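Read off the chains here:
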Amino acid sequence: MLSKLAYRNSCRSIKDYLIYLITVILSFSLVFSFNFIIFSKDILELSSSMRQFKTAVYFVSMIVLFVVGWLIHYTTKFMFVKRSKEFGTYLLLGIEKGKVAKLFLLENIFLGLIALVISFFLGIIFSNVMTFIIMSIFEMPYQVSLTVSIPAVMLTLLYFIFIYLFVLCVSYIRVRRMKIYDLLYLNKQNEKQISKKRRRIYLFVSSVIVGILSFVLCDSALQGEMPGLDLLISIIGFIFSIYGVTISVGDMLLSLVLCHPKLKYRKDHLFIVREFSSKVRTMGMTLGTLSLLTALTFLSINLSLMMKDAFEHQTNSSMPYDIIIDTIYSEVDESMAGKIDERDLFRKYDQYIKDHYDLTGKVDYNLYTMTTTTLANDLDDMGVLGYYKMDTYISLSDYNKLLRMRGDKPITLKENEYYVHGNQDIHKGIKEIVQKYKTLDINGYTLKNKGYTTIDYASGWGVGIPYLIIVPDQVVEGMPILDRIVAYNTKEETTEQFSIDMGKEVGVITLEGEYNGETYNYEVTPFKVKGAFLAENRTAFTMIAFSLLYLAFIFTAVVGTILAIQTLSDGTRHQYHYSLLRKLGVEKQSLYKTIRKQLFIYFALPIFYPILINIITTYSLNHLFGPILSTPTFWIFTVFFSTGLFLLIYLIYFLATYFSFKKNTLER
Amino acid sequence: MNEVLKLEHVKKYYGSKKMITKACNGISFDVKKKEFVAIMGASGSGKTTLLNCISTIDQVTSGHIYVDGEDITELKEKDLSHFRANKLGFVFQDFNLLDTLTIEENISLSLIIRGVDPSLIEKEIEKISKKLGIVDILKKFPYEVSGGQKQRCACARALIHHPSLILADEPTGALDSKSARMLLEIMKEMNEELEATILMVTHDAFSASFCERVLFLKDGRIYNEIRKADKTRKQFFDEILDVLTILGGDDSRVK
């Protein structure tokens, strides 16, 4: 009898809590699929650092577990409060407390098991899709597999049992402790009048101030050398500010409207604002947590995007071409000058590359230096220079060839002009020296500055050289060569294996070094292959980007779900309010409008302030990431992108809520 | 023309072809301006159905209902809302106040819906609440005041936009006898001083004795109609009880 009742009750719950159930299913599917992936041999064999990916997924799973656990706990508690009268009636009829508790638990286990079974199958599909994405990032062939790894299933089951054990224990204790009276009157406790309005206004003002201070602190912390305690304080400040603003904004809005009779009695303002502030009063802390999750979602997406951009930018900058051969010949560097038969070595590499790939481009160029340090000294004083502390020149024709091979537009220079191209991280320094040296005397020529750029500088153009001075071709004639470099573009993608093979078969160069009076030999690999670079660096990127997006999705779904069930479960009360408005003569269409407005404000609350925080924190994060990102304005793009992505998923929850709400309250 | 409400052969049937419930089976009567009319009858006699049809919450199966000469059975959905907002005022048994709004704001709803100029609303609320003696509780929330006060607030809401007809559905049903008596006296005042036309559905003879005319429903038809005329309220009350006894209905309060 008990299980029959439990079964029937859960069937009814499915209807009321469909959105919740879908979110739990999606979350568990993701947990399943990530576990499938980290136990998949194909993925683990991709690269040695994939093991770290596994650890990262464990870590992210813990956070997901915590958040999903909170969602399930919250919803269970919520269902309990909504149905407290029913449980009270059972007790009143003489059913034992233990049995009632068991009934409630059975229902929840039933719902949980449904979710688990569905998410198992969805998880297999998701994991295949994700494996496909990862494999194509690594440019590996992929085959759909429906095999299920037992450890992955066991691990997910463990997570599941862990969450449910916790949630069920808590609710079991709650039911056992309840008295009939409490149960019968529990859902009346919802409407508590909090009269400390003045306090809430103080809270609002102080939260806004704390928010501003946190921003200032965070901004300066991220500009400094080592963000530590100051960053931590600003994070705590932000959390306080998010909760404070969310809790108090309802009353702020209310006082605003109530103070202006014109505003108050216009259209449906009064009704909406009152409903809204009563909602915020009863569930302020929950909404605060939702705001916090929203802010974390933005942060996750932004970090993920910045990582991706930094990775791509780093690739473009370090490896602008498929293969680069350098550090073989130098008339300036004493360790190399005249010690190697460079012609022979260049020829051998060239031959080996041509044997293995079809070439689509090749540029053979020199970097020159007078070993003067006019610009370098100034830059060094600002503490921005790297290995070579001397001015380095490249001829205009070589520079343009390099630009063309990378698909960029060439530049023009008059016979008496020079141009500077430097790295993004010494942007400020270059701006200053260009203003200081309007003219330069180089190799007997006097050149005027034509300008500078720090966009798309490739550090691969010259190892250890953070900026190049581009001069007309005749200026470099007779200048000592700092480095001779050959850059290749190939038709096929280069691989890690090719790099290893070329090192083995053609050989690397051995140089002599001196340390504490003793001489020793060391090996230098005078070439770089894009395929090898990507293999080493992709893992970290994949790992971080995937994990962060995983978190972002779960957070968004949890926020949407809690808002949805909160709104929908208020159905009976709303039904009463709206039916009264209908009786008083409000048209159906304008009621829909009121519902839309009400839901819109309600859904906007937990995201409005986080969007603001998203903008300011990303601005601050840009201090940290700026130097390794492709453009100085990339952070603006990430703000729009993360907000957009979040809103897209959020919109689905909003629409689902709106239509069910409409159906529940007006059409029933 | 001083007929505010006129019903012509109103029928309302529920159910399928095999099992028809005739909730209203050809009811005709009219209510003149400034009248205070009660409709009485046992449970299942069709009182509430009739009231729902008049308030356009439900639709008649056949027959016509005129309010201020306008046939409301012919109105379209959009016009119905407009009709309810402008011509009708409601007082319900369970008050039907919105618990998120203060008393004052609840009263203002009728005016807001009609799109009255916001600057006039406060004055109107002040005027009506003085008459109904609820000035002191205007800033309170419904759960902070007594049942009688709530019902007076509901009356204020029903009256504030000067509707042609006020429909009251068992307004004293949830009140104690003292509050009920106070409310009925106020309704009587509303009727006499503010010239409100009131149609009240009740099963309570005491409430009905405050009216000038009482209609008795039985099995979906009008069974009887009595008028107070020059009788005292006590005499009228006794007369109502007599009819009820014959009707076989509510005689529990015969003392």
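Residues numbered from 1 in each chain as written. Chains lettered and ligands numbered in written order. Predicted model: local features only at pLDDT ≥ 70, side-chain atom pairs only at ≥ 80, totals over all residues. Heavy atoms only, no water.

**Q** Requested: an account of the overall build of chain A, with residues and values cited.
**A** Each helix and strand in chain A was counted, giving 22 helices and eleven strands. Oriented by its inertia axes, the alpha-carbon framework of chain A measures out at about 105 × 60 × 50 Å. A burial count over chain A gives 54% of its 668 residues as buried. Long-range pairs, those at least 24 residues apart, make up 83% of the contacts in chain A with a sequence separation of at least 6. Carbon and sulfur atoms provide 62% of the accessible area of chain A, an area that totals close to 31,700 Å². Across chain A, the centroid of the 67 positively charged side chains sits 25 Å from that of the 57 negatively charged ones. (Helix = DSSP H or I, 4+ residues; strand = E, 2+ residues; numbered from the N terminus. Buried < 20%, exposed > 50% of the residue type's maximum accessible area, 1.4 Å probe, protein only. Contact = heavy atoms within 4.5 Å. Areas by Shrake-Rupley, 256 points an atom, 1.4 Å probe, with all protein chains shown as cover. Lys, Arg positive; Asp, Glu negative; His and termini not counted. Charge placed at Lys NZ, Arg CZ, Asp CG, Glu CD.)

**Q** An account of the sheet that holds strand E5 (residues 70–71) of chain B is needed here, citing residue identities and associated values.
**A** Residue and element names in this part refer to chain B. In spatial order, the strands read E2-E1-E4-E5; together these four strands make up an open sheet with antiparallel pairing. With partners counted over all chains shown, the strands left at the sheet margins are strand E2 (20–32) and E5, one partner each. Where strand E1 (residues 3–15) lies against strand E4 (residues 62–67), five bridges are found, and the strand directions are antiparallel. If you follow Leu7 over to E4, its bridge partner there is Ile65. Lying on the sheet, helix H1 (residues 47–54) is in contact with E1, E2 and E4; it crosses E1 at an angle near 120°. (Pairing = 2+ DSSP bridges. Axes fitted to C-alpha atoms, helices over the stretch in contact; angles between N-to-C directions.)

**Q** So what about the packing of helix H3 (residues 103–113) of chain B against helix H4 (residues 118–132) of chain B? Which residues, and what values?
**A** Residue and element names in this part refer to chain B. Where H3 meets H4, the closest approach of the two axes is 10 Å, and the angle between their N-to-C directions is 120°. Viewed along their axes, H3 and H4 adopt a mutual orientation that is oblique. Remark: the crossing between H3 and H4 carries right-handed chirality. Facing Glu104, Ile107, Ser108, Leu111 and Ile112 of H3, the residues of H4 in contact are Ile121, Glu122, Glu124, Ile125 and Ile128. Tallied by class, the residues present in the contact of H3 with H4 amount to six nonpolar, one polar and three charged. (Parallel < 35°, antiparallel > 145°, perpendicular 65-115°, else oblique. Left-handed = near helix turned anticlockwise from the far one by under 90°. Nonpolar A, V, L, I, M, F, W, Y, C, P; charged D, E, K, R; others polar.)

**Q** Lay out the packing of aromatic side chains in plain terms, naming residues and giving numbers.
**A** Residue and element names in this part refer to chain A. This structure, assessed with the given rule, holds 30 aromatic pairs over all chains. Between Trp70 and Tyr74 the ring centres are 5.7 Å apart and the planes differ by 45°, which places this aromatic pair in the tilted class. One end of the pair, Trp70, and the other, Tyr74, are both in helix H4 (residues 50–82), four residues apart, so they sit about a helical turn from each other. Relative accessible area serves as the criterion here: at 22%, Trp70 is assigned to the partly exposed category. Ring centres of Tyr399 and Trp461 lie 6.0 Å apart, and the angle between their planes is 75°; this geometry places the pair in the edge-to-face category. Residue Tyr399 is located in helix H16 (residues 396–405), and its partner Trp461 is located in the loop between strand E6 (445–453) and strand E7 (467–471); the two are separated by 62 residues in the primary sequence. The pair Tyr399 / Trp461 is uniform in exposure class, with both members buried. (Phe/Tyr/Trp six-rings, centres within 6.5 Å; stacked < 30°, edge-to-face > 60°.)

**Q** With reference to specific residues and values, describe the interface of chain B and chain A.
**A** Each partner contributes residues to the interface: chain B has 31 residues there, and chain A has 25 residues. A combined buried area of about 2,700 Å² lies between chain B and chain A, and 61% of that area is made up of carbon and sulfur atoms. Its largest share of buried area at the contact with chain A, chain B owes to B:Leu98, B:Thr100 and B:Pro118, together 20% of the area lost on that side. Applying the counting rule to chain B against chain A returns one salt bridge. In this structure, B:Glu105 engages A:Arg274 in a salt bridge whose closest nitrogen and oxygen atoms are separated by 2.6 Å. Across the chain B-chain A interface, the total number found is two residue pairs in polar contact (both at pLDDT 80 or more). At the level of secondary structure, the elements contributing two or more residues to the side of chain B that touches chain A comprise helix H2 (77–87), H3 and H4 of chain B. (Buried area = accessible area lost by both parts, 1.4 Å probe. Salt bridge = Lys/Arg side-chain N within 4 Å of Asp/Glu carboxyl O. Polar contact = N/O pair within 3.5 Å; in protein donor to acceptor, adjacent residues only side chain to side chain.)

**Q** I'd love a proper account of the pairing of strand E10 (residues 221–227) of chain B, names of residues and values included.
**A** Residues and elements named next belong to chain B. Bridging between strand E9 (residues 213–218) and E10 involves six bridges; their strand directions are antiparallel. Residue pairing in the sheet places Leu217 in a bridge with Ile222 of E10. Counting the residues in the hairpin turn of E9 and E10 gives two residues, including Asp219, whose phi is positive at 50°.

**Q** Could you give me a rundown of a nonpolar patch on the surface, with the residues and numbers involved?
**A** The grouping of A:Ile150, A:Met154, A:Leu157, A:Ile161 and A:Leu165 at the surface amounts to a nonpolar patch, some 490 Å² of accessible area in total. Within the fold, A:Met154 resides in helix H7 (residues 150–177). (Patch = residues over 30% accessible without salt bridge, like charges linked within 9 Å, V, L, I, M, F, W, Y side chains within 5 Å.)

**Q** How would you explain the sheet that holds strand E5 (residues 439–442) of chain A if you had to name every residue and give the values?
**A** Residues and elements named next belong to chain A. Strand order across the open sheet formed by nine strands is E5-E6-E4-E7-E3-E2-E8-E1-E11, with mixed pairing between neighbours. Here the strands that pair on one side only, and so sit at the sheet edges, are E5 and strand E11 (527–529). When the angles between neighbouring strand axes are averaged without regard to direction, this sheet yields 30°. The pairing of strand E1 (residues 323–325) with E11 spans three bridges and is classified as antiparallel. If you follow Ile325 over to E11, its bridge partner there is Phe527. H16 contacts strand E2 (359–369), strand E3 (392–395), strand E4 (417–422), E7 and strand E8 (481–490) of the sheet and is inclined by roughly 145° relative to E2.

Bear in mind that shape data such as this cannot, by itself, settle questions of function.
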